[in-house]
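# Structural overview
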Amino acid sequence: QVQLVESGGGLVQAGGSLRLSCAASGRTFSPYALGWFRQVPGKEREFVAAITWTGGRTYYADSVKGRFTISRDNAESTVYLQMNGLKPEDTAVYYCAASRSILVRTMPAYDYWGQGTQVTVSS
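An account of the accompanying structure is given in this report. Worth saying up front: this structure is predicted, and the values here are computed from it rather than measured.

Centre-to-centre distance and the angle between the planes together describe a pair of aromatic rings. One pass over the full model with this rule turns up 4 aromatic pairs. Arranged with centres 5.0 Å apart and planes meeting at 80°, the rings of Phe37 and Tyr110 form a pair that is edge-to-face. Taken together, the positions of Phe37 in strand 4 (residues 33-39) and Tyr110 in strand 10 (residues 110-113) put the pair 73 residues apart, joining distant regions of the chain. On the accessibility criterion, Phe37 (1% relative accessible area) is buried. Judged by relative accessible area, Tyr110 falls into the buried class, the value being 5%. Connected via pairs of aromatic rings, a cluster forms that spans Phe37, Phe47, Tyr110 and Trp113. Here the basic side chain of Arg45 rests over the ring of Tyr95, its NZ or CZ set 3.8 Å away from the ring centre. If you follow Arg45 out to its NZ or CZ, it ends over the ring of Trp113, 4.8 Å from the centre.

Further remarks concern the state of the cysteines. Note on terminology: disulfide describes a covalent bond linking the sulfur atoms of two cysteines. For the structure shown, the criterion picks out 1 disulfide. Each sulfur of the disulfide joining Cys22 and Cys96 lies 1.8 Å from the other. As the torsion about the S-S bond is roughly 55°, the Cys22-Cys96 disulfide counts as right-handed. Highlighted residues: Cys22 in strand 3 (residues 18-25) and Cys96 in strand 9 (residues 92-99), separated in sequence by 74 residues.

Here we come to the side chain of Arg38. The topology assignment puts Arg38 in strand 4. One polar contact links Arg38 to Asp90, side chain to side chain, over a distance of 2.8 Å. Polar side-chain contacts of Arg38 include one of 2.9 Å to the side chain of Tyr94. Leaving out residues up to four positions away in the same chain, Arg38 has contacts with Glu44, Arg45, Glu46, Val48, Ser63, Val64, Phe68, Glu89, Asp90, Ala92, Val93 and Tyr94.

Cut-off values and rules
Residues numbered from 1 in each chain as written. Predicted model: local features only at pLDDT ≥ 70, side-chain atom pairs only at ≥ 80, totals over all residues. Heavy atoms only, no water. Phe/Tyr/Trp six-rings, centres within 6.5 Å; stacked < 30°, edge-to-face > 60°. Helix = DSSP H or I, 4+ residues; strand = E, 2+ residues; numbered from the N terminus. Buried < 20%, exposed > 50% of the residue type's maximum accessible area, 1.4 Å probe, protein only. Lys NZ or Arg CZ within 6 Å of the ring centre and 35° of its normal. Disulfide = S-S within 2.5 Å. Polar contact = N/O pair within 3.5 Å; in protein donor to acceptor, adjacent residues only side chain to side chain. Contact = heavy atoms within 4.5 Å.

Bear in mind that shape data such as this cannot, by itself, settle questions of function.
What follows is the structure in structure tokens.
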């Protein structure tokens with residue numbers, strides 16, 4: 001019943017910034033956490049960041065720590081990913097996901113996934 005829709009992707013030069021948004025819908029939407037993952041074609045999907053829905057505790061992959069910031073707007077059922085200092089290796093399709101599990105860094109723990117939004121960072 002939960003639907004997630006990402007937006008905000010695009011093409012940016014290395015060192016630039018983008019803000020991704022993920023809007024959730026569904027009357028039963030009540031996750032433990034919302035997370036962002038990314039995937040390069042032919043490669044495995046990897047964890048980027050997560051935030052607990054109630055407390056707002058954040059988690060980051062080491063590769064994005066200090067550059068990306070995850071936040072949420074509970075009233076709008078929306079999670080954001082502010083990406084600064086983008087690098088070419090950040091190029092990927094970014095997915096938001098919702099989990100009722102406490103294992104926020106683990107992909108299998110997420111129950112719902114968005115369609116993804118493309119982020120391309122030129123060098």
